[in-house]
Every structure is written in C-alpha cells, then in structure tokens.
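So the chains spell out like this:
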Amino acid sequence: MTTRIEIAKRDIIEHFDGLPKKVFDSSEIARILSEQRRYWRLAESMTARAFIDFLAKKAKLTIARFDFPSRPIIKYVWGEVPFYTIVLSLKPDCYFSHYTAMHLHELTDQIPKTVNVNAEQAPKPHGAVELRQDRVDFAFKRPTRLCNNVTDYRGRQVRLLNGLHTGNSGVINMTGPEGEPLRVTDIERTLIDITVRPEYSGGPFEVLTAYKRASDRLSVNRLVALLKRIDYIYPYHQAIGFYLERAGAYKESQIQLLTKAGIKCDFYLMHQITEPHYSAKWHLYYPKGLD
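So, here's what we can say about the structure. No experiment lies behind these values; they were computed from the predicted model shown.

1. Structural notes on the sheet that holds strand β1 (residues 23-24)
Strand order in the open sheet formed by three strands is β1-β3-β2, and the pairing between neighbours is antiparallel. If you trace the sheet from one side to the other, it starts and ends with β1 and β2 (61-66), each paired once. Summarising the sheet, β2 and strand β3 (residues 73-78) pair through six bridges and their orientation is antiparallel. In the strand pairing of β3, Leu61 is matched with Trp78.

2. Let's talk about empty space enclosed by the protein
Remark: the empty space left among the atoms is shown by a probe the size of a water molecule rolled over them. Counted under the stated rule, the structure contains one cavity of 30 Å³ or more. Taken as a whole, the largest cavity encloses approximately 40 Å³ of empty space. In terms of lining residues, the largest cavity is bounded by Phe140, Thr195, Val196, Pro198, Glu199, Tyr236, Tyr268, Leu269, Met270 and His271. When grouped by side-chain class, the residues that make up the lining of the largest cavity number seven nonpolar, two polar and one charged.

3. Remarks on helix α8 (residues 187-196)
With respect to burial, α8 is a largely interior element, 10 of its 10 residues being buried. What α8 keeps buried is the set Ile187, Glu188, Arg189, Thr190, Leu191, Ile192, Asp193, Ile194, Thr195 and Val196. One side-chain oxygen of the residue at the start of α8 lies 3.3 Å from the amide nitrogen of Glu188, identifying that residue as Asp186.

4. Considering unusual backbone geometry
Negative phi values dominate among residues other than glycine, just as trans dominates among peptide bonds. Here the phi dihedral of Arg41 falls at roughly 55°; this positive angle occurs in a residue that is not glycine. Residue position: Arg41 is located in the loop between α3 (26-40) and α4 (48-58). The exposed category is assigned to Arg41, whose relative accessible area is 61%. Here the phi dihedral of Asn168 falls at roughly 60°; this positive angle occurs in a residue that is not glycine. With respect to the element layout, Asn168 can be found in the loop between β7 (156-161) and β8 (171-175). The class of Asn168 is partly exposed, set by a relative accessible area of 24%.

Calculation rules
Residues numbered from 1 in each chain as written. Predicted model: local features only at pLDDT ≥ 70, side-chain atom pairs only at ≥ 80, totals over all residues. Heavy atoms only, no water. Pairing = 2+ DSSP bridges. Helix = DSSP H or I, 4+ residues; strand = E, 2+ residues; numbered from the N terminus. 1 Å grid on protein atoms, 1.4 Å probe; cavity = no way out; pocket = protein on both sides within 12 Å on 5 of 7 lines; lining within 4 Å. Points joined across faces, edges and corners; volume = space filled by probe spheres on them. Nonpolar A, V, L, I, M, F, W, Y, C, P; charged D, E, K, R; others polar. Buried < 20%, exposed > 50% of the residue type's maximum accessible area, 1.4 Å probe, protein only. Polar contact = N/O pair within 3.5 Å; in protein donor to acceptor, adjacent residues only side chain to side chain.

Laid out in structure tokens, this is it:
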C-alpha cells in the first residue's frame, strides 16, 4: 500500500527545490512540515523525525554532522551544496576569518587544512584596563590560548571560533569559489585578525606575506580606523606597523599612521618567541628571520 507521504513525494521535492535556502536545522524542517502538512495531506502522526528520515531515504536530504567538542551541530542539506555554504550555516551571522580569509582573498598560495569560521560573542562590558609591562611580558611568555573547538567534515578540519564581539566590523559579502555567497572579513579586518592570532594564520612569516600581497588593495587609513573601533587592550598597532614596514611595499606616510598611536610598552609579535629579535622603532620582539 502506497503511503500518503510517498504520494506527496513529488510535491515535497518541488517545494524544497524551490526554497532559496538549502541547509536547515531540525526546527526549520519541523516548521516546513507544520506549514505544508495540510497541503501535502500528511497525517498528524507524521513527526518531524519521521519526515526527516523519509527525506533522507527517499529524496535529496543528507545529514551533515559536526562533532565539535563543545557541542555537536547537525545540519540537513538539500541536494548538492558547496562546502563553504554548509560551514557558514553553523551559527547565525558567522563568517570566515584568519587563514581562511587569507586564502579567499588570495593573500597566500597555501590551501589551509583548517577552515576558520567565527561566531562572535555577545557584547561584554569593557572597562578601562591599565597596560603594564610586567603583565604584557607575563602573558606573551606563556602559550597562547588556542581554540580546540575543531572537528572533521568532508576530509577537512573546521574550527568554530567564538571571537571577540566587534559588531561584525569589517565583514563583507563576496562570491566563493563555486559562485556561492560568502561572509568573510575584508582585507583590512583580515590583516588585523592574523596579526592578533598568527597561530590561526600560518604563523608570522605567512602573515608578512599577506601584508606584502595586500599592498595594492589595502587602505591603511581604513585599517587604523577599524583597529580603533575594535579597541583591543594590547597595542597591536605596533605589530601592524612592524609588518607594514617589513613588507617593503608601503609609503612612509602610511606607516606613520601607526606610529601616531604612540608606544607605551614593549610588545610581542607572537607568544613564546624563541631567539627573539627586537625592533627599537616599534618596541617589539619578533622571531628570528623577519629582519
């Protein structure tokens, strides 16, 4: 005996084919079922779970499971959907950042093994903090705190970052490698992010390469304005100025925009530098080889 849902199968497929969205969570599929149940003449006993099982067995629905250590995330994918589109569905308003943004903006020749997607934290009170040299030294001589919220999906690692709240500053829309719409940090925000977290960006030598390759597209004025808006506690302008100077592709007037912020203490290009060298101009410790 043919069941009601099998009779409605063609209409159900046409409905999902016509939706602009192709990646869903279970609540969204439950809502579709609730809205269309009468039209498809499905029994009230048809649950969302049974509906999903039917679509997975008899139609074009596949299950994308991300087993993050913090909490697994399950998405339901209709038809053939680009990898990046599925990853961007993990959290509302998330976007690609760090090494992944470098790759999308062609600031590196490398194809990163880990995809970085950032879902910002909620706003937090940000009181005045005294920048003391002993605290800076203590923090940067210790290992950096890295996000271990990583899982494998389709043979690649996906890292779900829970980044600082910026109000999505410097996040833009762009077209991905398969023509898909993406949300990603722009050139200026990308250079800031990779300066702050070189560990997510291939390391300081890759970061320097990115500064070199961005020279014909970067607005240093916009980068400085964006850095002020994000308002980091640490003096990352010293590291950015160092990279701009070492890149050898920027005007002195552009580099001076970073010196105007002033210098209050010595800083570090990254955590736990072995064989550190020192830039007197930028009051900055950096790894050997970046001279």
